[in-house]
Every structure is written in C-alpha cells, then in structure tokens.
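Here is what each chain is made of, one letter per residue.
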Amino acid sequence: MTDSSLTPAQPGPRPLSRRGLLAAAGAAGAAGLVGATAGPATAAPSASASASASASASASASGRGSAALVVRNARVFSGVTRGRPAQAVAVGRDGRILATGPDAELRRYVGRDTEVVDAGGNTVMSGIHDGHVHPLGAGDRSLRPSLEGAETTVAELLALLGGFLADTGGAGAEPDGWLVVEDWNPVGLLPAGTAAHHTLLDALATRRPVVLVGGDGHNLWANRRALDLAGITAATPDPVGGRIVKGADGQPTGVLKDDAQDLVKRHVPEPSRAELVTACARVLELAAASGITTMMDALVGRHELELYRDLAGSGRLPQRIVPALRLDAAQAKDPAGALAYARGLRREFDGVAGLRFGMVKVFLDGVIEYPAQTAALLEPYLDGSGRPTGNRGELYTSAADYGRLTAAFNTAGWQLHAHGLGDRAVRTALDGYAYARRATGLRDPRNAVAHLQLVDPADLRRFAELGVAACMQLQWAARDAWTVEALLPYIGPRRHRWMYPARSLQKAGARLSGGSDWPVDALQVWNQLRTAVDRQGAHGTGGLYRELEGLDRSTVLRMHTSGTAWQLRQEGLTGTVEQGRAADLVVLDRDVTRCPVADISGTQVRMTLVGGRVVHDAESSAGRTAAARLARGTSAPRPSAYASVHGGRHRACGCTGG
C-alpha cells in the first residue's frame, strides 16, 4: 500500500513565507478545544506579515467559509497509509484541520483574512508527542548550575565546583548555603578507578553543604556536611526503593541511589514559586520550539500539578499535558489507597486547562550502567571480567503487587506506566499486566513500559499479546560510553545485543511510542528521531546494532506522533494530519521524509501550532530567542572556568563547548 505521508511535494526548499495574521485562530478556536479535550490555554504570538502574492491572487473565499490558516507548497507527512498525496493543509477557525490535498484544491479555503504559509517544499506533519518527559524538572534544574555531563579529572572537577561556589557565594552563603549542582555524570565524570566519595568533595575550601545530582535522575553525591545535615550515618537504613551506598567500613560514601536521594533533597531550600513558574515557562517554550505539542509528564505529584495550574492560569502552558501521577513503592502495595490518592488529585486539579488525567507511574527498577547497577536483571551483573556477581539489581515492586495495582487502576479507567530498564523489570511489568488482564477482562487498557533498555527475547511477543505500549527513548541507542564502557563488560555480549530492541519489538507486533526523558537527556528531538533510524545520532561512534534494531524513517515519524497519541488515548484527536483532527502541526525547515538521515539531527522548527494556535514562530523575537537557547544546549549557569574543562562526551547537554 502506498503511504500518502511520503508522497512528493513541489521540490526545492524555500524560505518560509506568509501572508496575513493568524488572528482568527485565536481565543475562540482554542477555547473550543479546551472545553472538549482539555487542550492548551495560551495566547498566540503574532506571526510575521510578509506578503505572498500567489496566495493573494487565489483568495477566492472569504468570511466564515475560509480557513484561519493554509500551509501550502509542503510535503505533508500525514501519518496514515490511506488517502491521496497532499501538499497543503487548511486549518479551520475552530482549531481543527479543515482539509488536506493539492495546493490548487485548497485555494478555495483562502480568504481575505486567511494566513497563508509557503512551506518551501519542506515537511508539514503532526507535532511531536513526547510519551515520557519531565518538563517541569527541566525548569527546576535550569535554576541551578550544571556540570552538563562533563568528563573530568579530580582537579578539574574541584576547579569547576570552586567556580560554582564563588558564583553563588554571596552574603550569608557560608556556612549553610547549599550548593546543588545538576547533571553529574555518574558514568564518566571521574577517571576510571576513581570512585565518588564524600572525601573528594570535602576537599573543597568551603563549609557549605555540596550536592551533585546525577543527570540520570537516579544518583546523588553529597559531601560530609550535607550528609550530617540530613542525619545520614552508618546506622541509617536504606529507604524503600533506594540505597545508601556504604564503604567497606560501613560508613556512607556520600552516594545515594534512587529514592534514597530524598534523604538529602528534602533539606535543600526550594526556589520561590514565581522563580519556578518563570523557569518552567521558559523550558516549555523550548519544547514548543522543538516541535513538541503533547507531553506525558512522567513524574507528577501535587507540587507539579500546582505549577501546571499556575502556568495555565498565566497563559504559559502551550502543550497538551498528560500528567502521570507517581506512586512510590509503598503505595504500589496498597491499590485502594493509591487509587484514592490519584482520584483526589484529579478532583482537585481536573479543571486546569491543558491537563488530561488518567495515568499513573511506578518505578520498577533503577539504572543499568556501572557503577549504579540498580536495574533489575534476570541474570546477575558481571564483574567486568566476565564473572557473575551476586547482584541482580533492585526490583522495587513485585509482579504480584504490580498486577493487583494495575487491575485496580485499569478497572477504574486509568492506565499504568512502568519504568522498566532491566529485563527482569520488563518481565515484572508484563507479568503484572497479564494478571490484570485476566482479573479484569479488559482488552485495551493501554498500559505501557518505558525505556526498555534490555528486553529478554522471550518477552518480545508479549507486548502485542497484552496490548502494551513499548515507550522507548531511542536517542540512547547509540554506541557511546554509556552503552559500551559502562555496560558491555558488566552484562556480556549475549545480553548486550538486546539493547533497545526496537525493530525486534516492531516485528513482534508491539506498538511503539517515543519519548525523550528530558532533562535526563538533552532536548534534542530531531537527533532523537535520527538515532532511532541509524542507531548512531550526532554524538555516537557507529551504529549500535543498526542492522538488527534500526527502524525505517516512516516508522520513527509515526512512533513519535500517532504511536504516542495511541499510548495516551488521544489518537482520535491528534497524531495524524487528517480532516477533523486538531491542528497540532509543525512546519519544518527541511523535508525530513527524504533528506539524508544524518541531516535530520539539524532540523529546525519554523512554526508549531497546538489546536490551530501558533505556540512557536521562528520569525518572531520570542521564537528566535528560543531557537538560540536550543542551539546553545543549556540555560543553566556555568562558571568562567567551564570552557577550559568542558571536554569529552556531552550526552547531557548537547552543546559544542564554550
């Protein structure tokens, strides 16, 4: 069958040009979507008003029968396999797609007040749906200095931290002002053989508590002062779902894993609500500039919901948000109590424009890379020389508990979203979903497993059998320090071959969806899509099992649009470019359906619409600012010493140094 998404448009890229202002697709159109679907409530930036003579000459329609916007001269990726070729899209005044088709045919929708955009032969497609992301976490992190995944010597690290101490050393900083530094690289920050220990941080010329937060979200490194303030001693027990790393002498080393991080984090002063809202609004602008129109926030509690309420109330929530309410390991053992908790939050925040409830999130394990090794494996980790150890990682919730929890939530109409990195965690999730299916009889609950870094081949077919979404973050599927040096010696080549088995899952009939896990990884949407194809990306060194697990381009585009829309139960609203769907669209600066695969990484978004409303315009001053911030790769503060030591692999920042 011919895929109408990949049919040619007029060849040759041209600069984006437009006629008129997108005034008619403003509050009335967006309000209609908000009422029906909890769509976004945000004011539209003004689009630039350069004239398009050819569009003006064809303006035969006017008044109520005309479109608010027509994008012409495009290569439309519809995301569907039926229908005819399309080079134009007409957007109605209600924020929905009026029609798609040839340029000549859609001229009838152009009226005197219709905005007409010439896409220059480049791609127009559904906006990106990010099925696993932490946008408010990105905003929070942006308020603190960042190591940005740097790889350093001990001396370089101390120089960097000394710069951060100086930059934050205002009046009253000593001795009690916390220094919290984001994006510590637990895999490669220090030279091989150098273990993270509080004594290294204690060497800094300060009495202040110092904390390094791992870019993976699963590790924290604290100095002695921070441990003392948190009351962590040799006698402190591991919390449920976490681990306090202790040395041979039984004393805490300063490294805390997973939920043990909260023992220190709860003592760190919070930024003000106004600071947080402003920071989160700025990172949501970055997401819009990247082409993201829907996000599943994968770690939400009351704090995050309050932030979303403030963002929506101030008109600074441009995307559709599906909040996944986080349940901890104790709540996972109490289905009735957990369901009451989730329902209570939904009742309290259900009126927030832009939010749609119905998802909960559970961590089943941690992370797989050395030295953390908290991901749950079916077979033990190796010692680096090929010998099995006694460590199979951490499984935070049993299959029985997860099954009962899933059954309770599915019966109530909610979906489960499991963090599963190791093959034992993946199997645990599938076993839980199988139990829930037997217990409830429900055949389409749309539960999901996220990450899927290691999947046992015996479990591949179970995704299709159980209707489970495989939510993958394939920007990680590249050959680099995380997938080779920090992993291959510790799991061996037989298991390593099943790293991020995207094509194997697809061939087994699984529904694939995509996510970024930002800010655990950088916001590099188009490099993420490129890496799913070539398993190398802009930062890798050769494809990681590309011949076995690389996906074709059309599959990748669908995975990050209609695939994630299906995961989030909104495929009837978004994810494809079809008549009647919400106009959640992006206009790109190139044709991603046929440009060289490596060129996909550099894609820039010229315009992003959500419900027919412009939420990013690359020609506006705000759009130019957002694009510049994306190009820089970070908004976190850095000391002047950073440029001299910012070397090595920069998975967490994506910047080019300086």
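Let me begin by describing the structure that accompanies this report. Just so we're clear, the structure is a prediction, and the values are computed from it rather than from any experiment.

Considering the packing of helix α18 (residues 525-534) against helix α20 (residues 553-567)
Reasoning step 1: With their axes 9 Å apart at the nearest point, α18 and α20 run at an angle of 140° to one another. Relative to α20, α18 is oriented oblique. Between α18 and α20 the crossing geometry is right-handed. Along its contact with α18, which presents Q528, L529, A532 and V533, the element α20 presents R553, V556, L557 and H560.

Topic: the pairing of strand β5 (residues 88-91)
Reasoning step 1: The alternating pattern of β5 places A88 and A90 and V89 and V91 on opposite faces, both of which are buried.
Reasoning step 2: The pairing of strand β3 (residues 69-72) with β5 spans 3 bridges and is classified as antiparallel. Within the sheet, the bridge partner assigned to L69 lies in β5 and is V91.
Reasoning step 3: Here β5 pairs with strand β6 (residues 97-101) via 4 bridges, running antiparallel. Residue pairing in the sheet places V91 in a bridge with I97 of β6.
Reasoning step 4: Between the antiparallel neighbours β5 and β6 lie 5 residues, among them G95 with a positive phi of about 85°.

Considerations on the pattern of salt bridges
Reasoning step 1: Summed over all chains, the structure comprises 33 salt bridges.
Reasoning step 2: As a salt-bridge pair, R225 and D176 come within 2.7 Å of each other at their nearest N and O atoms. Placement of the pair is R225 in helix α7 (residues 224-230) and D176 in the loop between α5 (154-167) and β10 (179-184), with a sequence separation of 49 residues.
Reasoning step 3: Put simply, R581 and E578 hold a salt bridge, and the shortest N to O gap is 3.3 Å. For the pair shown, R581 and E578 are each scored as buried.

Considerations on the sheet that holds strand β19 (residues 415-420)
Reasoning step 1: Reading across from one edge, β9-β15-β17-β18-β19-β20-β21-β22 is the order of the 8 strands in this open sheet, with parallel pairing throughout. The sheet terminates laterally at β9 (128-133) and β22 (511-514), the two strands that pair on one side only. Averaged over neighbouring strand pairs, the angle between their axes works out to 25° when direction is ignored.
Reasoning step 2: Across 4 bridges, the pairing between strand β17 (residues 320-327) and strand β18 (residues 359-363) is parallel. Its bridge partner lying in β18, A324 is registered against M359.
Reasoning step 3: Together, β15 (292-300) and β17 form the strand contacts of helix α10 (residues 302-313), whose direction differs from that of β15 by roughly 150°.

Digging into the side chain of S620
Reasoning step 1: Along the chain, S620 turns up in the loop between β25 (613-617) and α21 (621-632).
Reasoning step 2: Within the local environment of S620, its side chain forms a polar contact with the backbone oxygen of D617, the two atoms lying 2.8 Å apart.

Here's the deal with the environment of P102
Reasoning step 1: Relative to the elements of secondary structure, P102 occurs in the loop between β6 and α3 (103-106).
Reasoning step 2: For the pair P102 and N73, spaced 29 residues apart in the sequence, the C-alpha separation amounts to 8.7 Å.
Reasoning step 3: Setting aside its immediate chain neighbours within four residues, P102 contacts R84, P85, Q87 and A88.

As for helix α13 (residues 399-411)
Reasoning step 1: Along its 13 residues, α13 runs 18 Å from first to last C-alpha, staying within 8% of the 18 Å computed at 1.5 Å per residue.
Reasoning step 2: Among all positions of α13, only D401, Y402, G403, L405, T406, A407, F409 and N410 are buried.
Reasoning step 3: Buried-residue contacts for α13 involve β17, α11 (329-332), α12 (335-349), β18, β19 and α14 (423-440).
Reasoning step 4: Trailing α13 by a residue or two, G413 shows a phi angle of about 90°, which is positive.

Re empty space enclosed by the protein
Reasoning step 1: Within the structure shown, the criterion is met by 2 cavities of 30 Å³ or more.
Reasoning step 2: Estimated volume of the second largest cavity: approximately 50 Å³.
Reasoning step 3: Looking at the second largest cavity, the residues that line it are Y433, R437, L442, P445, R446, N447, L466, G467 and V468.
Reasoning step 4: Grouping the amino acids of the lining of the second largest cavity by side-chain chemistry returns 5 nonpolar, 2 polar and 2 charged.

Describing the packing of α13 against α14
Reasoning step 1: Following both chains from N to C, one finds α13 and α14 inclined at 45°, their axes separated by 7 Å at the closest point. Relative to α14, α13 is oriented oblique. Our pair here, α13 against α14, has a crossing hand that is right-handed. Seen from α13, the contacting residues are A399, Y402, G403, R404, T406, A407, N410 and T411; seen from α14, they are T428, A429, D431, G432, Y433, Y435, A436, A439 and T440.

Observations regarding the sheet that holds strand β11 (residues 210-214)
Reasoning step 1: Here 5 strands make up an open sheet; going across it, the order is β10-β11-β12-β14-β13 and the pairing mixed. The open sheet has two free edges, formed respectively by β10 and β13 (242-246), since each of these has just one partner strand. Between one strand axis and the next, the sheet turns by 20° as a mean value, whatever way the strands run.
Reasoning step 2: Relative to strand β14 (residues 252-258), β13 runs antiparallel, the two sharing 4 bridges. Opposite R243, over in β14, you have K257 as the bridge partner.
Reasoning step 3: Packed on one face of the sheet, α5 meets β10, β11 and β12 (219-222) and runs near 135° to β10.

Cut-off values and rules
Residues numbered from 1 in each chain as written. Predicted model: local features only at pLDDT ≥ 70, side-chain atom pairs only at ≥ 80, totals over all residues. Heavy atoms only, no water. Axes fitted to C-alpha atoms, helices over the stretch in contact; angles between N-to-C directions. Helix = DSSP H or I, 4+ residues; strand = E, 2+ residues; numbered from the N terminus. Parallel < 35°, antiparallel > 145°, perpendicular 65-115°, else oblique. Left-handed = near helix turned anticlockwise from the far one by under 90°. Contact = heavy atoms within 4.5 Å. Buried < 20%, exposed > 50% of the residue type's maximum accessible area, 1.4 Å probe, protein only. Pairing = 2+ DSSP bridges. Salt bridge = Lys/Arg side-chain N within 4 Å of Asp/Glu carboxyl O. Polar contact = N/O pair within 3.5 Å; in protein donor to acceptor, adjacent residues only side chain to side chain. Expected span 1.5 Å × (residues − 1). 1 Å grid on protein atoms, 1.4 Å probe; cavity = no way out; pocket = protein on both sides within 12 Å on 5 of 7 lines; lining within 4 Å. Points joined across faces, edges and corners; volume = space filled by probe spheres on them. Nonpolar A, V, L, I, M, F, W, Y, C, P; charged D, E, K, R; others polar.

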